[in-house]
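# Summary of the model geometry
Here is what each chain is made of, one letter per residue.
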Amino acid sequence: MEAAARFVQSHKAGRVGWIEYARPPVNAFNWEMLAAVQPALERHLADTEVRAVVFASAVDRFFSVGADVGLLADFDREDAERWIGLCHSLVRAMRAARKPLIAAITGTAVGGGLEITMNCDVRFASRSSRFGQPEIAIGFIPPVGATQNYARLMGRAAALRFLYDGRVLSAEDALRLGIISEVCDDPRATAGEYAMQLAEKPAEALAAIRRCIVEGADLPFEDGLAIEREEALRLVGTADYREGTRAFIEKRPPRFSG
């Protein structure tokens, strides 16, 4: 097994695809690990049996601490361009995904490890989890889309304060800011169960909702409405739309195929 596959493990459980970070002791990203995430995601997105994807950790007490600072310390501009290019390519792939993306966060999630989850739709976290963007402490900024995601998620003032301070937050504080969606006792089980629930829903409708929200939220209102119109018209022609409406009228559970 190549190193990259050891650092980022992927597998299927029913109709749910899992991507698990596996670089002990703290899941610090090196070149191989970072480069392995997007291909793992793309395999799940291309697999017609997979209906939702969960990001998780195979390492106890750490989701991910982000980039290996020892690696960053030796970067020149060319290294930084390559690193940021990989990060932004992953962000774009996650934003363009037509399947729900879910994060199961256990333990510490800081730096790029946290940033990646900000491109997931729902983020479940343990009560003992900790969250932060400490890049300011090394004279850097979060380069995995965080500056844009946080501004949209929590607003300009709160995003600036969060990144200026660089402090680590409790799960309760992260929940209050919207960094996570839910605090629970077992994020892996909760995320897996939720993903299985989504897998039972009509895939094309889920994809349409995701596109309308992810793309439309960054556009002027009328442009967002145009995406909504396009997706609504497309869904009318699908078998799942016909099945869903018939099942509602006939007062029976729908049997979605797509």
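The residue count restarts for each chain, going from 1 along the sequence in the order it is written. For this predicted model, a pLDDT threshold of at least 70 governs which residues receive local features, and a threshold of 80 or more governs which side-chain atom pairs are given and counted, while totals over whole chains, interfaces and linings are taken from all residues. Think of the side-chain values as coming from all heavy atoms in the structure, minus any hydrogens and water.

### Structural notes on the overall build of the protein chain
Helix and strand assignments come from DSSP, with helices taken as H or I runs of at least 4 residues and strands as E runs of at least 2, each series counted from the N terminus. Within the protein chain, the secondary structure is distributed over 12 helices and 12 strands. For the C-alpha atoms alone, the extent of the protein chain along its principal axes is close to 65 × 45 × 35 Å. Whether a residue is buried, partly exposed or exposed follows from its accessible area with a 1.4 Å probe, protein chains only, as a fraction of its type maximum: under 20%, in between, or over 50%, in that order. A total of 258 residues make up the protein chain; the buried ones form 46% of that total. Look at the contacts in the protein chain between residues 6 or more apart in sequence, and 69% of them connect residues 24 or more apart. As displayed, the protein chain has an accessible area near 13,200 Å², and 56% of this comes from carbon and sulfur atoms. One finds the centroid of the 32 positive side-chain charges in the protein chain at a distance of 4 Å from the centroid of its 35 negative side-chain charges. Between two residues, a contact is recorded if the distance between any of their heavy atoms is within 4.5 Å. Each accessible area is a Shrake-Rupley estimate made with a 1.4 Å probe; only the visible protein chains count as cover when residues are assessed. Here Asp and Glu are counted as negative and Lys and Arg as positive; His is not counted, and neither are the chain ends. All charge positions are set by atom: Lys at NZ, Arg at CZ, Asp at CG, Glu at CD.

### A look at a nonpolar patch on the surface
Patch members must show over 30% relative accessible area and no salt bridge, and they are joined within 9 Å when carrying like charges or within 5 Å when they are nonpolar side chains of Val, Leu, Ile, Met, Phe, Trp or Tyr. A side-chain nitrogen of Lys or Arg and a carboxyl oxygen of Asp or Glu constitute a salt bridge if their distance falls within 4 Å. Taken together, the side chains of Val69, Ile138, Phe140 and Ile141 present a nonpolar region at the surface, about 350 Å² in accessible area. For valine 69, a relative accessible area of 47% gives the class partly exposed.

### With respect to the packing of aromatic side chains
Any two rings among Phe, Tyr and Trp, with Trp reduced to its six-membered ring, count as a pair given centres within 6.5 Å; such a pair is stacked if its planes are under 30 degrees apart, edge-to-face if over 60, and tilted if neither. Inspection of the entire model under this criterion finds seven aromatic pairs. Seen from their ring centres, tyrosine 21 and phenylalanine 63 are 5.4 Å apart, and the 70° between their planes marks the pair as edge-to-face. Of the two residues, tyrosine 21 is situated in strand β2 (residues 16-21) and phenylalanine 63 in strand β5 (residues 62-64); the sequence distance between them amounts to 42 residues. An aromatic cluster is built from Tyr21, Phe29 and Phe63, whose rings are joined through pairwise contacts. Sitting above the plane of the phenylalanine 7 ring, arginine 6 keeps its charged end 5.8 Å from the centroid. Over a ring means this: the NZ of a Lys or the CZ of an Arg is within 6 Å of the ring centre and within 35 degrees of the ring normal. Here the basic side chain of arginine 82 rests over the ring of tryptophan 31, its NZ or CZ set 3.9 Å away from the ring centre.

### Focus on the environment of glutamate 193
As for its position among the elements, glutamate 193 is in helix α9 (residues 187-199). In this structure glutamate 193 comes out as partly exposed when scored by relative accessible area, which is 46%. In this structure the C-alpha to C-alpha distance between glutamate 193 and arginine 229, which are 36 residues apart in sequence, comes to 31 Å.

### Digging into unusual backbone geometry
The omega torsion of the bond from proline 24 to proline 25 falls at 5°, within 30 degrees of zero and hence cis. With a phi close to 55°, asparagine 27 is a non-glycine residue in the positive phi region. Turning to its location among the elements, asparagine 27 is positioned in the loop between β2 and β3 (28-29). Residue lysine 251 is not a glycine yet carries a positive backbone phi of 55°. Within the secondary structure, lysine 251 sits in the segment after α12 (239-250). Judged by its relative accessible area of 76%, lysine 251 falls in the exposed class.

### With respect to the sheet that holds β5
Paired strands are those between which DSSP finds at least two bridges. One open sheet holds the four strands; their spatial order is β5-β8-β10-β11, and the pairing between them is mixed. Two strands bound the open sheet, and with one partner strand each, they are β5 and β11 (169-170). Note that strand β10 (residues 130-132) and β11 share two bridges and pair antiparallel. Bridge pairing links arginine 130 to serine 170 in β11.

### Digging into helix α11 (residues 221-236)
Working rule for helices: expected span equals 1.5 Å times residues minus one. Between the first and last C-alpha of α11 there are 23 Å, a value that for 16 residues agrees with the 22 Å anticipated at 1.5 Å per step. For α11, the complete set of buried residues consists of Gly224, Ile227, Glu231 and Leu235. Axial view of α11: buried residues confined to an arc of 70°, hence all on one face. Across from the buried face of α11, at angles greater than 90 degrees, the exposed residues are Glu222, Arg229 and Leu233. Residues of α11 that are buried in the fold lie against α10 (203-216) and α12. Relevant arc is that of directions from the helix axis to the C-beta atoms, nothing else.

### Brief notes about the side chain of arginine 210
Turning to its location among the elements, arginine 210 is positioned in helix α10. Classification of arginine 210 as buried rests on a relative accessible area of 7%. Those residues in contact with arginine 210 that sit more than four places away from it in its chain are Met94, Arg95, Ala96, Ala97, Lys99, Leu101, Asn119, Asp121 and Glu215.

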